[in-house]
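An overview of the molecular structure
Each chain, letter by letter, is given below.
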Amino acid sequence: MHASELLPHLKQRASLASRVLRTRVGRGPDGGDPIERFHRLYYESEVFGGTWRSTYWMGVPIWKCPFDLWVYQEIINELNPDLIIETGTAWGGSALFLASVLDLLGHGSVLSIDLWPRSPRPRHPRIRYLQGSSTDPLVFAEASRAAATAGDTPTVVVLLDSDHRCEHVIEELRLYGALVSPGSYLVVEDTNINGHPVAPEFGPGPMEAVDLFLSEQALFAVDRDREKFGLTLNPGGFLKRIP
Ligand SMILES: C[S@@+](CC[C@H](N)C(=O)[O-])C[C@H]1O[C@@H](n2cnc3c(N)ncnc32)[C@H](O)[C@@H]1O
């Protein structure tokens, strides 16, 4: 991080830490709906290295909420997908989780894309990694090829978890939405940021991209049933393609 960015960064972390502490003792702006309060507490406790920052699948960091992972397991079991495309690999914990569920079904593979993947990433026979920006034409062409060759009429699930800025996510939605098979899912992760209800300072993000995407086409609809546990980091982000 550049020295000029350090002070604003430290100020932001200090304000986040103070918000978390106030939520913990039940004071401050976080009163009201207990689910929202827990959501903030869960998400923002990462400032102390907690919750999603210290969650692992088989020892590999995975930046997700276990409730959402359980829902992914249910979706995968229902659809028995031929291919899961994930944008945003990070340490590879989510790719490994998806591959482990596919292992239990004995079918399917994972294509995980990242511009700056961490090292080492887990090796697994069902996982293929691709390095580059998810919206790079060559990367998308490779993902399209993988989707087209995954089976006769392949079932494809897409999870978007890379750059969360609205302009990037809307581009991903327009591109990768076309690869999702009828009846399958296009999951937009971290729709909770930009104040829905966490990280209010983020600016337009995944939720705003989803709103735009839904206004542009009628192939996808939000499946609120996938939010049944109350806490999800992807509110309004489970998009189901009409069968
Ligand atoms: C939230 S992390 C992914 C977390 C991972 N899916 C998990 O659950 O453990 C976001 C990742 O997106 C990557 N990223 C950022 N911009 C990207 C882009 N334009 N294309 C692909 N990946 C990108 C970052 O390098 C980072 O590793």
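Our structure's up above, just so we're on the same page.
All of the points below concern the structure found in this document. A quick note: this is a predicted structure, and the numbers were derived from the prediction, not measured.

**Looking at the site of the ligand**
- The environment of the ligand is made up of 19 residues, and the closest members are Gly88, Ala90, Ser94, Ser162 and Asp163.
- Only α4 (93–105) and β4 (109–114) provide two or more residues apiece to the shell around the ligand.

**Brief notes about the sheet that holds strand β6 (residues 156–160)**
- The strand order across the open sheet built from 7 strands is β5-β4-β3-β6-β7-β9-β8, with neighbouring strands paired in mixed fashion. Edge strands, defined here as strands with exactly one partner in the open sheet, are β5 (127–131) and β8 (220–222). Averaged over all neighbouring strand pairs, the angle between strand axes comes to 20°, with direction disregarded.
- Here 5 bridges tie strand β3 (residues 83–87) to β4, and the two strands are oriented parallel to one another. What sits directly across from Thr87, in β4, is Ile113.

**Thoughts on the packing of helix α3 (residues 66–79) against α4**
- Where α3 contacts α4, the two axes come as close as 10 Å, and the packing angle between them is 35°. The way α3 lies across α4 gives a crossing that is right-handed. Facing α3, whose interface residues are Leu69, Tyr72, Gln73, Ile76 and Asn77, α4 presents Phe97, Leu98, Val101, Leu102 and Leu105.
- Taken together, the residues of the contact of α3 with α4 sort by class into 8 nonpolar, 2 polar and no charged.

**Regarding the nonpolar core**
- If you look at the biggest cluster of nonpolar residues, it comprises 47 residues, and the most contacted ones within it are Ile85, Leu98, Val156 and Val158.
- Of all the elements, α4 adds the most residues to this core, at 7 residues.
- In contact with Leu98, not counting residues within four places along its chain, are Tyr72, Ile84, Glu86 and Val110.

Analysis parameters
- Residues numbered from 1 in each chain as written.
- Predicted model: local features only at pLDDT ≥ 70, side-chain atom pairs only at ≥ 80, totals over all residues.
- Near = placed C-beta within 6 Å.
- Helix = DSSP H or I, 4+ residues; strand = E, 2+ residues; numbered from the N terminus.
- Pairing = 2+ DSSP bridges.
- Axes fitted to C-alpha atoms, helices over the stretch in contact; angles between N-to-C directions.
- Left-handed = near helix turned anticlockwise from the far one by under 90°.
- Contact = placed C-beta atoms within 7 Å.
- Nonpolar A, V, L, I, M, F, W, Y, C, P; charged D, E, K, R; others polar.
- Core = buried A, V, L, I, M, F, W, Y, C linked by C-beta atoms within 7 Å.
- Buried ≥ 20, exposed ≤ 12 C-beta atoms within 10 Å, placed from the backbone.

By themselves, these are just geometric observations and shouldn't be taken as functional.
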